[in-house]
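# Coordinates in review
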Amino acid sequence: MFDVIIIGKGPAGITASIYIQRAGLNSLVIGKDLGALAKTDKIENYYGFKEPISGKELLETGIKQAENLGSKIISEEVISIGYEENFIVKTTKRIYNSTSLILATGSNRNSSNIKGIKEFEGKGISYCAVCDAFFYRGKDVAVLGSGDYAISEAMELAPIAKSVTILTNGKKAPEYRSENIKINENPVKEFIGNEKIDKIEFENNDKINIDGVFIAEGVASSTDLAKKIGAETKNNNIIVNENQETNIKGMYACGDCTQGIKQITKAVYEGTKAGLEAVKFVRSQTK
Ligand SMILES: Cc1cc2nc3c(=O)[nH]c(=O)nc-3n(C[C@H](O)[C@H](O)[C@H](O)COP(=O)(O)OP(=O)(O)OC[C@H]3O[C@@H](n4cnc5c(N)ncnc54)[C@H](O)[C@@H]3O)c2cc1C
């Protein structure tokens, strides 16, 4: 059991963990990779560096700094979050628990723009199996994606739906095999329907009937995770108040996953605020 779990090891998450460790609490940081900044080799607009610094170097220095203060930082992919007396964070490897939770998962990855996804959102296209599986009891559903996150969404649906098909959209099929989960590797052309989605058309012109499609490409994004626990989102951002607090008590969000400019300075400021607020929350629970 940790005082605070932070999902994301970019500037926002690492800064939050620095403040939490310095306050004498314990934090676990879970990040799949180094995030957005690792893609740039020249940062010239962040305070304190005479010469440009690479994103990777800045991130690795921050991680070392946090580790020196006692932060536990692990590389795992989070597939789900929930709450039952305390926060529950499920990764592809195991389950972790904490009193408070901070989402610092960066901005949403680009998802494919297959025709029909936007049109049928809420009309058969869903982004959260745990939230919407109930509506597909005894129906035929598909999951778009080819990674661990897609598998976990398919497994969530399998006991409820009549059939579950993972659509890899031309990507290599996941290793995982289960009798009640089919895999279709054909590239998808379009999701078709009238009031609601009712068919998938593939590039080879094959069509299959479908009642619902769950989008689970790449890793679970900030808004995917937020939806699983009932946190409010708007335009792919997690909604927070001036204390970085979400509508879920004890849960905070910071950095690129909230509204506003997407820059390191903002991620560091919000990480500071989220860390300090999480400390206050944990102390209020243990008095
Ligand atoms: C090419 C490029 C150049 C940039 N240049 C600059 C610049 O010069 N100056 C500047 O100020 N800003 C720059 N930015 C913006 C900057 O990178 C971001 O504002 C900053 O990194 C946001 O920090 P963050 O911690 O919120 O998110 P990120 O740094 O994106 O970190 C997100 C973290 O969440 C993790 N994560 C996400 N989902 C999951 C999951 N399901 N399970 C586990 N972990 C997960 C990721 O692995 C990562 O560790 C640039 C961005 C890009 C893409």
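Residues numbered from 1 in each chain as written. Predicted model: local features only at pLDDT ≥ 70, side-chain atom pairs only at ≥ 80, totals over all residues. Heavy atoms only, no water.

## With respect to the overall build of the protein chain
Of regular secondary structure, the protein chain possesses 6 helices and 17 strands. Taken over C-alpha atoms, the radius of gyration comes to 20 Å for the protein chain, in line with the 19 Å a tight globule of 287 residues would show. Reported as C-alpha extents along the three principal axes, the dimensions of the protein chain are approximately 55 × 45 × 35 Å. A burial count over the protein chain gives 50% of its 287 residues as buried. Taking the contacts inside the protein chain whose residues are at least 6 apart along the sequence as the reference set, 54% of them involve residues at least 24 apart. For the protein chain, the exposed surface amounts to about 14,600 Å²; the carbon and sulfur share of it is 47%. Distance from the positive charge centre (37 side chains) to the negative charge centre (37 side chains) of the protein chain: 2 Å. (Helix = DSSP H or I, 4+ residues; strand = E, 2+ residues; numbered from the N terminus. Rg over C-alpha atoms; globule rule 2.2 N^0.38 Å. Buried < 20%, exposed > 50% of the residue type's maximum accessible area, 1.4 Å probe, protein only. Contact = heavy atoms within 4.5 Å. Areas by Shrake-Rupley, 256 points an atom, 1.4 Å probe, with all protein chains shown as cover. Lys, Arg positive; Asp, Glu negative; His and termini not counted. Charge placed at Lys NZ, Arg CZ, Asp CG, Glu CD.)

## Here's the deal with the nonpolar core
If you look at the biggest cluster of nonpolar residues, it comprises 41 residues, and the most contacted ones within it are I5, I7, I81, L101, L103, V164 and M251. Take this core: its biggest share by element is 5 residues, from helix 4 (residues 148–157). Residues from two domains meet in this core; each of domain 1 (2–109 + 220–286) and domain 2 (125–215) gives at least three. Setting aside residues no more than four positions away along its own chain, L101 makes contact with I5, I7, I81, F87, V89, G250, M251 and Y252. (Core = buried A, V, L, I, M, F, W, Y, C linked by side-chain atoms within 4.5 Å. Domains from an automatic or database assignment.)

## A look at the pattern of salt bridges
Per the stated rule, a full pass over the model turns up 11 salt bridges. Salt-bridge contacts for E121 lead to K118; the nearest nitrogen and oxygen are separated by 3.0 Å. Residue E121 is classed as partly exposed on the basis of its relative accessible area of 33%. When its relative accessible area of 61% is taken as the criterion, K118 is described as exposed. Here D140 ties to K162 by a salt bridge, and the two come within 3.8 Å at their closest N and O atoms. (Salt bridge = Lys/Arg side-chain N within 4 Å of Asp/Glu carboxyl O.)

That is the geometry; function is a separate question.
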